[in-house]
Amino acid sequence: MEKTAPNALYNSSARFDAPKCDEDTRVEVTHEFMEWVQDRSAPQRLLCMTGAAGAGKSCLQQTAAEKCGESGILAASYFISSTDPTRNTIDPVIPTIAYQLGLENSTVKRSIKTAIENDPLIFNQSLVAQTTALIVQPVEDLRGTGADLNSLPCVILIDGLDEGKGEDRQAELLTAIEQCLLKNGLPFRIFIASRPEWAIHTALQAGGHLHDLAYHIQLSNKYDATADMRRYLWSRFKDIGLRINNPQWFSEDDVETLVKAGSGQFIYVAAVYKYISEGRTAPRSRLDAVLTCTPLEGQAAKPFEALDALYHRILSAAKEAYEAVDIHKGRNFLLLFRAFHINISSFWLGNSLTHQSSAEGLSALLHLEPQAEQTLISDLRSLAFLEKGADGDLSLRLYHKSFSDFLEEPSRARDLFVPQSQVYTHLAKGMMQYITECPLDFESLPIGLGRDAVKYLPGFLASPTTVLDDILEEVVGFTQNGGWQKVEKMLPLLGLGRAFFRFTWFPSVHRLSNTLKDRKPETAAVINELAVKWAKQIEEILR
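These notes cover the structure that comes with them. Sequence order as written defines residue numbering, which begins from 1 separately in each chain. A pLDDT threshold of at least 70 governs which residues receive local features in this predicted model, and a stricter bar of 80 or more applies before side-chain atom pairs are shown or counted, although totals over entire chains, interfaces and linings include all residues. Hydrogens are left out, water is left out, and the side-chain values use all remaining heavy atoms of the structure.

1. Looking at the packing of helix H10 (residues 252-262) against helix H11 (residues 266-277)
Helix packing for two helices is described by the angle between their axes and how far apart those axes are. To obtain each axis, a line is fitted to C-alpha atoms, and for helices this fit is confined to the stretch in contact; angles are then taken between N-to-C directions over 0 to 180 degrees. Only DSSP runs of H or I covering at least 4 residues are called helices, and only runs of E covering at least 2 are called strands; the numbering of each starts at the N terminus. Running from N to C, H10 and H11 cross one another at 135°; their axes reach a closest spacing of 8 Å. Judged on the interaxial angle alone, H11 and H10 are oblique. Considering the relative orientation of H10 and H11, their crossing is right-handed. Contacts from Leu258, Ala261 and Gly262 of H10 reach H11 at Tyr268, Val269 and Val272. Convention used here: angles under 35 degrees read as roughly parallel, angles over 145 as roughly antiparallel, angles from 65 to 115 as roughly perpendicular, and any remaining angle as oblique. Definitions for this section: a left-handed crossing has its near helix turned counterclockwise from the far helix by less than a right angle. A right-handed crossing has that turn clockwise. Contacts are assigned to residue pairs with any non-hydrogen atoms lying within 4.5 Å of each other.

As structure tokens, then:
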């Protein structure tokens, strides 16, 4: 028993009142799961359900566990949780599943006991060895008695694989399941739910060892939870109305606003309801706080506390994993990811000038290696993904708007918050470095990097968002080392029209010169003199 995790059982006291689906919500996906469970002839005996953070995977697993328990077909359940130290690792998974199987059959129980007595160190061995000794062999012993294995409860549920510490251990568990539990002749049907992080993503993708063996439900792509979210809010808000004796305390527009803000992620409406229904504050006041996304005066609680805790946990883990890699030493993961986040809506550089790079182009501007954008989000697949456009370029996309809101609000992101000014300043510094180092032809640079650096450097330096004081010495050095003269030689190669130079590029240069006039007058004079000269040259070229 000491090697098991009692808190991980679906009906454990630690999971009292665990969230589950309302009777009239998530009907379609629940029906699909139950059909798969009951079809013993189906060739795929592994069901993997992946979905974004907050998509409702654990609610669905809890509902599935209760339905299977009521039907007498639940063999074992294991709910991993990163916030519970007794069940936040992979180590107790196999012993806990074996313990539950032993409860269902005395022969299996005796075989498990014998295996442990014969090898007390079994729990220190590989997961394949544990699964073979504690699950496979005891079931084979039962088969040897002539028993019909199909009479055994067959469903094994594992929730939150991504929350178990160590991606290697997550991958090892998937390998043990494939090599041991999916063997022909064993009765088990296994249901795993997880965010699409590295271990399960790699196993399920084309060429992965589970690709052909698993029935894969991609929750975020296949099922639109909008209608369920609407039903959930109506039901919960009506209950509040009965409690406060005011059925008109909310409106249809309120519900629709919240559903729209939820972007299909059930966790949003669940967090909203939890916030509104808790505490002594009037529900309408709390609802207004959510709708306006501004705390009430003197209010200590936060409308999205549960959601923010989830985002904080995922982002912190991704930061730790990324910065632990040797080639990433010295990099600021949060700064880099925030740059990609801002790029979704484009960088505003003053006046009408904006800049938006492809993901590949932004990686280059950030001095990252090719395909670095893939690595950057590898631990954030439950929150973000890279989308390929019609032109073949990749762009970052977020599953949930509330994650974007979280990144932009210091009171929510707390120690993970990165101000836009820090990103703008970092990019401006990087552009000066690229221009200093790059050759005088654009063709040898990746993704039009030199062209983008020359085109947008004045805008980034002159942007109100950039903290110029933080890079004054870099601007001075760039000027003294002939950086602007190099820009002059590159200008004719940009292939841009008169309107761009007249209304965006030159105004940015002049704004920069004026900003520097009092701080670094010599540098400002050099830039201003060159700007006048460039204006004449460009007018002649474009005549």
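After that view, the rundown keeps rolling.
2. Some thoughts on the packing of aromatic side chains
Two aromatic rings, drawn from Phe, Tyr or Trp (for Trp, its six-membered ring), form a pair once their centres lie within 6.5 Å of each other, and the interplanar angle then sorts them: stacked below 30 degrees, edge-to-face above 60, tilted otherwise. Within the structure shown, the criterion is met by 18 aromatic pairs. Following the ring pairs from residue to residue traces out a cluster consisting of Tyr311, Tyr322, Phe333, Phe337, Phe403 and Phe406. Distance and angle both matter: a charge sits over a ring if NZ of Lys or CZ of Arg is within 6 Å of the ring centre and within 35 degrees of the ring normal. Lying over the aromatic face of Trp36, Arg189 brings its terminal NZ or CZ to 4.6 Å of the ring centre. Across from the ring centre of Tyr275, 4.4 Å away, lies the NZ or CZ of Arg286, which sits over that ring.

3. Regarding the sheet that holds strand S3 (residues 155-159)
Here the rule is simple: two strands pair whenever DSSP picks up at least two bridges between them. Read across the sheet, five strands follow the order S2-S3-S4-S1-S5 without closing on themselves; strand pairing throughout is parallel. Strand pairing shows two members of the sheet lacking a second neighbour, strand S2 (74-79) and strand S5 (214-218), which therefore form its edges. The average angle at which neighbouring strand axes cross in this sheet is 10°, direction not considered. Alignment of S2 against S3, held across five bridges, turns out to be parallel. Across the sheet, the residue bridging to Phe79 is Asp159, located in S3. Against the sheet, helix H2 (residues 57-71) engages strand S1 (46-50), S2, S3 and strand S4 (189-194), with an angle of about 160° to S3.

4. Details of the layout of surface pockets
Of the volumes computed, that of the largest pocket is approximately 1,400 Å³. For the lining of the largest pocket, the secondary structure elements donating two or more residues are H2, helix H9 (226-244), H11 and helix H13 (305-323). Classification used: nonpolar for Ala, Val, Leu, Ile, Met, Phe, Trp, Tyr, Cys and Pro, charged for Asp, Glu, Lys and Arg, polar for all others including Gly. Tallied by class, residues from the lining of the largest pocket come to 20 nonpolar, 10 polar and 15 charged. Grid points spaced at 1 Å over the protein atoms alone were grouped into cavities, where a 1.4 Å probe fits but cannot get out, and pockets, open sets with protein on both sides within 12 Å along at least five of seven lines, with lining residues defined by an atom within 4 Å of a point. In terms of lining, the second largest pocket is formed by 21 residues, of which the most central are Asp162, Glu163, Gly164, Gln170 and Ala317. Where the lining of the second largest pocket is concerned, the elements lending two or more residues are helix H6 (167-181) and H13. Grouping the amino acids of the lining of the second largest pocket by side-chain chemistry returns six nonpolar, six polar and nine charged. Grid points are joined across faces, edges and corners, and a volume is the space filled by probe spheres set on the points.

5. Some thoughts on a nonpolar patch on the surface
Residues qualify for a patch when their relative accessible area is over 30% and they have no salt bridge, like charges being joined within 9 Å and the nonpolar side chains of Val, Leu, Ile, Met, Phe, Trp and Tyr within 5 Å. Only the protein chains shown count as cover for residues, and the accessible areas themselves come from Shrake-Rupley with a 1.4 Å probe. Each reported salt bridge corresponds to a side-chain nitrogen of Lys or Arg within 4 Å of a carboxyl oxygen of Asp or Glu. Among the surface-exposed residues, Met1, Tyr99 and Leu103 lie close enough to one another that they form a single nonpolar patch of about 340 Å² accessible area. Under the scheme applied here, a residue whose accessible area is under 20% of the maximum for its type counts as buried, over 50% as exposed, and between as partly exposed, the area being computed with a 1.4 Å probe on protein chains only. Note on Tyr99: relative accessible area 34%, which makes it partly exposed.

6. Looking at unusual backbone geometry
With a phi angle near 90°, Ser346 is a residue other than glycine that sits in the positive phi range. Inspection of the secondary structure assignment puts Ser346 in the loop between helix H14 (333-345) and strand S6 (347-348). Since its relative accessible area comes to 21%, Ser346 is described here as partly exposed. The phi dihedral of Gln371 falls on the positive side, at around 65°, and the residue is not glycine. Positionally, Gln371 belongs in the loop between helix H15 (359-365) and helix H16 (372-376). Classification of Gln371 by relative accessible area gives exposed; the value is 59%.

7. Points about empty space enclosed by the protein
Scanning all chains against the criterion turns up three cavities of 30 Å³ or more. Its boundaries defined by the atoms lining it, the largest cavity holds a volume of some 60 Å³. Lining the largest cavity are Val29, Thr30, Phe33, Met49, Leu60, Ala64, Phe191 and Ile217. Secondary structure elements with two or more residues in the lining of the largest cavity: helix H1 (27-38) and H2. The dominant element in the lining of the largest cavity, judged by the number of residues it contributes, is H1, at three residues. Every residue along the wall of the second largest cavity is listed here: Ala75, Leu101, Glu104, Asn105, Val108, Val139, Leu152, Pro153 and Phe188. Tallied by class, residues from the lining of the second largest cavity come to seven nonpolar, one polar and one charged.

8. Re the side chain of Asn88
Tracing the backbone shows Asn88 in the loop between S2 and helix H3 (93-104). Given the relative accessible area of 7%, Asn88 is considered buried. Apart from residues no more than four positions distant in its own chain, Asn88 is found in contact with Ile80, Ser81, Ser82, Glu163, Gly164 and Lys165.

9. A look at the packing of H11 against helix H12 (residues 283-292)
Remark: H11 packs on H12, axes separated minimally by 9 Å, with the N-to-C direction vectors making an angle of 140°. With respect to H12, the element H11 is oriented oblique. Crossing hand, H11 versus H12: right-handed. Along the contact surface, H11 presents Tyr268, Val272, Tyr275 and Ile276, while H12 presents Pro283, Arg286, Leu287, Ala289 and Val290. When the residues that make up the contact of H11 with H12 are grouped by side-chain class, the tally is eight nonpolar, no polar and one charged.

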